[in-house]
Structures are given as C-alpha cells and as structure tokens.
Amino acid sequence: MEIVPTGAALGADVWNVDLADLTDTAFAEIHQTWLDNNGVLRFPCQRLDDNGFLGFAERFGELDMAPINANGHYWKPEYPQLAVISNVVSDGKPVGSLGSYESKWHTDMSYNELPPKASILYAIELPREGGDTGFASTAAAYDALPEDMKKRLAGLTCKHDSSHNSVGQVRRGFAEAYDQREDIPGAVHPLVATHPETGRKVIYLGRRARAYIRELPPAESDTLLDELYAHVSKPEFTWTQKWRHGDVVLWDNRCTLHRRDALDPNERRLLHRAQIKDVAPMSAAA
Ligand code: SIN
C-alpha cells in the first residue's frame, strides 16, 4: 500500500490496494491514515461489485439504510444500504438521487440526532466534465480561527434543517417554508464539537440554508453562519476530487463539509454511496 497525501488541508490517495480483499492489518493502516489526513481518502483504480463495496464500507461500522426515493422505495431494493447518486433517467424515471444540480457545502444528514459518521462514494459512470466534489476540513478551519472567535463560538448550538436535501429540494412530507424558525424540523448540535477519535475541535456545520444558531437573534445568527461557511470554504482548507472511473472516496462527516459542482444533464454520472452509522452524536467541545 502506498499513501500519497494530496498536499492540501485534507485528503490522501491510497494506491496498490484491493478494497474487496483487505487484511485486518491493511484495514487498520487505512483507518489510521484516514484519521491522520483530516478525514478524506481516495482509493484509485478499484473494481468492486456491490458486495465488495458494501463489505469495505462495513469495516468502519454498521451501515445506515439508504434514503428512500420519491416512490417510497430503496434505489436498489436487493441492497437497501446502497444509495445511487445519479442524473441518469431510464424509462422516464431517475435511477438515483441529486440529479445534475450543484450541491452547496454540507455535512451528510446532520439534521438527524445521530448523523452517519462517514460516507463512501464509488464512481461507476462519469461525465466528461462537471460533477467534481469539493471537501473542506472543519478541524483545520477551527484551528485557524482567531482566539476571540473561538471564545465567541464556545457553547453555541445550531439547529440543522431536515426539510431540504443538499441540492435544495424539499424532502417528501416537509413544507417549503416555516413561519417561525423554531418550527424548522431538524436536530440540534453543538457549533464547536470534539471529534471522538482524533480529539480535535471542529466547526460542526450542516447546510447553510435555514440553519440557525439558537442562542442568537436571527440577523446575528445569519451573519455569523455566513462568516463561518465563508471561512471553512477558503482554498487553504479545501481539496477538490476530480473523479476518475474506479475511484472510491471515503469521507468523515464529523470533520468535513463537502459540495458538488453541477453537470451537463445530457452527460451520464452514476456513483454508489454507502454511509456508516455513528455510535453517539457529536459532543460539545470543552
Ligand atoms: C453526496 O453529497 O453525497 C454526493 C456528492 C457527489 O455527488 O459527488
């Protein structure tokens, strides 16, 4: 196995490894490399069937069920833990979620009390351009904050919005808008949390739209959240994945944000995704 860090604030390539055939020693090295590189690893040139992909994901912990689609079904009923992320439409029906849209910076499912600790994508079909996925290190971004901002954030909590998905679509069963910000459905998490495995402090953001800081009046909350998203997404804290066939990318939802570029709807993009359950919500940093 050869590890090549990206040179950015996060991420490393792991070469010469078959994710479908890993020894426990190789997995332990991958796990430590993941923690040491701020939570993003890319494994190029993989050839995985669904069992191989889910088997690798499962090494990190119990898998979450994939979100159900607009028709109330799993994308792949025979593999309910496998989500299909795609813009492909077959017989008039989408074969996966998120379409061709841009998605803004977000953490997966932080609107839940217990969001997944990690997500993994496997590239199967790719457009000639577009659909790149950006990652940001919320640990490096926290470390770089001025001391007075760190003090200001201590003890604050954020309400995360569950009514919209990462490309801004209203989820099944939710309203487009709510009269009072307190009515917005979603979980509350500390704004500065401690990563349970690295011990590092992170700015724990979910997705910007409709989120708010409960201890601040609306205008102040909006200004502070805008400032934090602008800070975390600075080039010095980010790295962009330009997909190649066979790439597997693993990210840690506890210490990263990610986003995706839009793509030409006439081009095909299809990836498989698995998510790993966490065992406890993020705890407020001391
Ligand atoms: C995701 O946000 O889970 C999908 C990202 C992507 O399509 O690159």
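Preceding block: the structure.
Each chain has its residues counted from 1, running along the sequence as written. For a predicted model such as this one, the threshold for reporting local features is a pLDDT of at least 70, and the threshold for listing and counting side-chain atom pairs is 80 or more; totals across whole chains, interfaces and linings nevertheless cover every residue. Just so you know, side-chain values use all the structure's heavy atoms and leave hydrogens and water out.

S.K.: I keep staring at the overall build of the protein and nothing clicks. Help me out?
M.R.: A run of H or I in DSSP counts as a helix once it spans at least four residues, and a run of E counts as a strand once it spans at least two, with each numbered from the N terminus. Counting secondary structure elements, the protein contains five helices and 20 strands. The size measure is the radius of gyration over C-alpha atoms, and the globule rule it meets is 2.2 Å times the number of residues to the 0.38 power. For 286 residues, the compact-globule formula gives about 19 Å, and the C-alpha radius of gyration of the protein, at 18 Å, lands near that figure. The principal-axis extent of the C-alpha atoms belonging to the protein is close to 50 × 45 × 35 Å. Exposure is judged per residue with a 1.4 Å probe applied to protein chains only, and the accessible area is read against the type maximum: over 50% gives exposed, under 20% gives buried, and values in between give partly exposed. A total of 286 residues make up the protein; the buried ones form 54% of that total. Contacts are assigned to residue pairs with any non-hydrogen atoms lying within 4.5 Å of each other. Taking as baseline every contact in the protein between residues at least 6 positions apart, the subset at least 24 positions apart corresponds to 80%. Neither His nor the chain ends is counted toward charge; the positive residues are Lys and Arg and the negative residues Asp and Glu. Just so you know, the charge point we use is NZ for Lys, CZ for Arg, CG for Asp and CD for Glu. Each charge class in the protein can be summarised by its mean position, and for the 31 positive and 41 negative side chains these summaries are 2 Å apart.

S.K.: Quick question: what am I supposed to make of the site of the ligand here?
M.R.: In the vicinity of the ligand, the contacting residues are Ile85, Leu98, His106, Leu121, Thr133, His258, Arg260, Arg269 and Arg273. Within 3.5 Å is the distance limit for a polar contact, defined as a pair of N or O atoms, with the added protein rule that one can donate a hydrogen and the other accept it, and that residues adjacent in sequence qualify only through two side-chain atoms. Contacts to the ligand include Arg269, whose side-chain N or O atom sits 2.8 Å from an oxygen atom. The accessible surface values rely on the Shrake-Rupley method and a 1.4 Å probe; as for residues, cover is taken only from the protein chains in view. Relative to its unbound accessible surface of 260 Å², the ligand loses 99% to contact with the protein. We call a residue near a given molecule or strand whenever any one of its heavy atoms falls within 4 Å of it.

S.K.: Explain unusual backbone geometry to me, please; I cannot follow it from the model alone.
M.R.: Trans is the prevailing form of peptide bonds, just as negative phi is the prevailing case for residues other than glycine. The residue Asn16 is not glycine, and still its phi comes out positive at about 60°. With phi around 50°, Asp91 is a residue other than glycine that occupies positive phi space. Within the secondary structure, Asp91 sits in the loop between β5 (89-90) and β6 (93-94). The exposed category is assigned to Asp91, whose relative accessible area is 78%.

S.K.: Which parts of the structure should I look at to understand helix α2 (residues 50-58)?
M.R.: Think of an α-helix as turning once every 3.6 residues; residues three or four places apart then point the same way. Within α2, the full set of buried residues consists of Asp50, Gly52, Phe53, Leu54, Phe56 and Ala57. The inward-facing, buried residues of α2 abut β3 (40-43), β9 (118-125) and β19 (270-276).

S.K.: Explanation requested: the packing of aromatic side chains in the structure shown.
M.R.: Any aromatic ring pair is given by two values, namely how distant the centres are and how the planes are angled relative to each other. Geometry of aromatic contacts follows a simple scheme: Phe, Tyr and Trp rings, the Trp one being its six-membered ring, pair when their centres are within 6.5 Å, and the pair is stacked under 30 degrees between planes, edge-to-face over 60, tilted otherwise. Considering all chains together, one arrives at seven aromatic pairs under this definition. A centroid spacing of 4.8 Å and a plane angle of 80° characterise the contact between Phe27 and Phe60, whose relative ring orientation is edge-to-face. Of this pair, Phe27 sits in helix α1 (residues 24-36) while Phe60 sits in the loop between α2 and β4 (83-86), and the two are 33 residues apart along the sequence. The class for Phe27 is buried, based on a relative accessible area of 12%.

S.K.: What am I meant to see in the sheet that holds strand β12 (residues 188-190) here?
M.R.: Consider a sheet: its strands pair through backbone hydrogen bonds, and that pairing is either parallel or antiparallel. If you walk across this open sheet you meet the three strands as β12-β11-β15, and the pairing is antiparallel. Two strands lie at the open edges of the sheet, namely β12 and β15 (212-213), each paired on one side alone. At least two DSSP bridges between two strands are required for those strands to pair. Bridge analysis of strand β11 (residues 157-159) against β15 gives two bridges, and the strand direction is antiparallel. Considered in β15, the bridge of Lys159 is made with Tyr212.

Scope: geometric values only; no functional claims are made or implied.
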